[in-house]
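The residues making up each chain are set out below.
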Amino acid sequence: MGAVVSCIESIFRTIGSVLMAIVNGIGSILHAIISGIVAFFDIIISFLSCGYCGGRRRRMGGSRMSHRRHHATTTSRI
């Protein structure tokens, strides 16, 4: 009788694991979809607030002009 109960317990444990895997998969799919929607709206809002359309652009490390070297010009006498 103990073997039958053990077999039934393992069957229910397996069914529970399968159901949890299905729920976990559905949750992961919904998380990916919601993250994609949030990223899409982030792009739209950033574009509408001139984040990408040529307004104030963020640069890392300062402006480009600070990296250029200024060489002194020399004039030669002939």
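Notes on the structure follow. (Residues numbered from 1 in each chain as written. Predicted model: local features only at pLDDT ≥ 70, side-chain atom pairs only at ≥ 80, totals over all residues. Heavy atoms only, no water.)

### Things to note about the overall build of the protein
Step number 1: On a plain count of helices and strands, the protein comes out with 1 helix and 0 strands.
Step number 2: When the accessible area of the protein is evaluated, it comes to approximately 7,800 Å², of which 66% is carbon and sulfur surface. (Helix = DSSP H or I, 4+ residues; strand = E, 2+ residues; numbered from the N terminus. Areas by Shrake-Rupley, 256 points an atom, 1.4 Å probe, with all protein chains shown as cover.)

### Remarks on the packing of aromatic side chains
Step number 1: Scanning the model with the defined rule gives 1 aromatic pair in all.
Step number 2: A ring pair is formed by phenylalanine 40 and phenylalanine 41, whose centres lie 5.9 Å apart and whose planes are at 65 degrees; its orientation type is edge-to-face. (Phe/Tyr/Trp six-rings, centres within 6.5 Å; stacked < 30°, edge-to-face > 60°.)

### Regarding helix α1 (residues 2-48)
Step number 1: Here α1 contains 47 residues, and its C-alpha end-to-end distance of 68 Å stays within 8% of the 69 Å for a straight helix at 1.5 Å per residue.
Step number 2: Within two residues after α1, cysteine 50 carries a phi angle of roughly 60 degrees, on the positive side. (Expected span 1.5 Å × (residues − 1).)

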